[in-house]
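# Chains, contacts and geometry: an overview
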Amino acid sequence: MSRGVMLMSGGIDSPVALHFMLRQGHEMTCVHMDNRPFTDDSPLAKVVDHLEVLRARYGQKIPMYLLPHGPTQIQLMRETDRHVGCVLCRRFMWRSAERIAAREGATFLTTGESLGQVASQTLSNMRTATASVSLPIVRPLIGFDKQEIEAVAKEIGTYEISTRPGLCCQAVPSKPATRSNLVQILQEEQRIDVDQMLDDVLRHATVL
Amino acid sequence: MTYSTLALCASKGAYEAIPRPKISVNLLEAKGRLESAGIPVTDARVMLIVAMEREVTLSRDGRVLIKSNDAKEAERVFDRLRQVVGLPERDPDNP
């Protein structure tokens, strides 16, 4: 089986997606994009607890990288069009995960995305967001509906953790774009120094 | 023009206050007032992140989010923010 990098949010979906990848025997490294100050401490605490549950279930170490994402969000809010903020944010997450994959010798990326759940998960936005990376992306939950995902989460013991009180992302614009085109996104990214920002993120990475 | 009751936000991780009717806050001016009062502020253009007793975000539309799940603490922080920035009063009918 192969080695992959999984983006973990603290929500209901990502631990379920990780469970399916581990069950299939893949060796996974996790990445959590720390969105403070646009959220509180709860997403990180949830991810830590999710991993504890899944480490016990599968007897795997499952390393996790914690990467600062708040400074990136501030830069995006200051310099780019808010309407496409979620897509730009996702592109940074993917790029960060790809850099961790290179460091870890991983050959694919994974998320808990399922089609149409939130603004960043329309087909158009997923396509635009993932155009920022070249590694293949595995989405074990893409065709699942929320009830199906929740049922698995309850079965594996991560649902209670995911649904604890917490603060949603405050950087989400009031009217996020549900359709985006790559030309516009690339123009927006010309306003910022993407490589420098990514270097900063990776320089402040910690492994938990 | 008043703020509606301070209430736990949908995800129950913070207290939220929303002005009725909508207002428009000059964030640059608000930032100046906060900094003059010795309160550190991060300017994210469409919102300010304010380091008070608890972290607070103040949006251009006047929405205030206080990262606390303690109602009394949230009230205290909100009232101080209101006074420093000059935001509208809380609704006296919804204390």
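Rules used in this analysis
- All residue numbers here refer to positions counted from 1 along the written sequence of the relevant chain.
- Following the order in which they are written, the chains are lettered starting with A and the ligands numbered starting with 1.
- At least 70 in pLDDT is required for a residue's local features to be given in this predicted model, at least 80 for side-chain atom pairs to be given and counted, and no such filter applies to totals for whole chains, interfaces and linings, which use all residues.
- Strands are treated as partners if at least two bridges between them are detected by DSSP.
- By the criteria applied, helices consist of DSSP H or I runs no shorter than four residues and strands consist of E runs no shorter than two, each listed in order from the N terminus.
- To assign burial, the other C-beta atoms lying within 10 Å of each residue's own C-beta are counted, with C-beta atoms placed from the backbone; 20 or more indicates buried, 12 or fewer indicates exposed, and intermediate counts indicate partly exposed.
- The predictor rates its confidence in each residue with pLDDT, a number between 0 and 100.
- In this description, a residue-residue contact is defined by the distance between C-beta atoms placed from the backbone, which must lie within 7 Å.
- Basically, the charged four are Asp, Glu, Lys and Arg, the nonpolar ten are Ala, Val, Leu, Ile, Met, Phe, Trp, Tyr, Cys and Pro, and anything else, Gly included, counts as polar.

Okay, the sheet that holds strand β5 (residues 137-138) of chain A next. Residue and element names in this part refer to chain A. Strand order in the open sheet made by the 6 strands is β5-β4-β1-β2-β3-β6, with mixed pairing throughout. The open sheet has two free edges, formed respectively by β5 and β6 (206-207), since each of these has just one partner strand. The pairing of strand β1 (residues 3-7) with strand β4 (residues 108-110) spans 3 bridges and is classified as parallel. When the bridges of β4 are listed, Gly4 appears paired with Phe108.

Another aspect to go through is the environment of Asp193 of chain A. Residue and element names in this part refer to chain A. Take Asp193: it is sitting in the loop between α8 (182-189) and α9 (194-203). Judged by the 13 C-beta atoms lying within 10 Å of it, Asp193 falls in the partly exposed class. As for Asp193 and Gln75, which are separated by 118 residues in sequence, their C-alpha atoms are 9.8 Å apart.

Further remarks concern the sheet that holds strand β5 (residues 41-43) of chain B. Residue and element names in this part refer to chain B. Taken together, the 6 strands give an open sheet; going across it, the order is β2-β3-β8-β7-β6-β5, and neighbouring strands pair in antiparallel fashion. Among the strands making up the open sheet, the edge pair consists of β2 (7-8) and β5. Bridge count for strand β7 (residues 55-59) against strand β8 (residues 64-66) is 3 bridges, and the pairing is antiparallel. By the bridge assignment, Leu58 is partnered in β8 with Val64.

The next subject is the confidence of the model for chain B. Low-pLDDT stretches of the model should not have their predicted coordinates read in fine detail. Counting all residues, the mean pLDDT for chain B is 90, and 96% of those residues have values of 70 or more. Among the scores for the predicted complex, ipTM is 0.74 and pTM is 0.88.

What follows deals with the interface of chain A and chain B. The partner chain B presents 14 residues to the 12 residues of chain A that form the contact. When residues of the side of chain A that touches chain B are assigned to their parent elements, the largest contribution, 3 residues, is made by helix α3 (residues 70-79) of chain A. Split by residue class, the side of chain A that touches chain B holds 6 nonpolar, 3 polar and 3 charged.

Next up on the list: the environment of Met33 of chain A. All names here are of chain A. Residue placement: Met33 occurs in strand β2 (residues 27-34). Counting along the chain gives 14 residues from Met33 to Val47, while the straight-line C-alpha distance between them is 11 Å. Met33 has contacts with Leu67, His69, Met93 and Ser96, leaving out every residue within four places of it along the chain.

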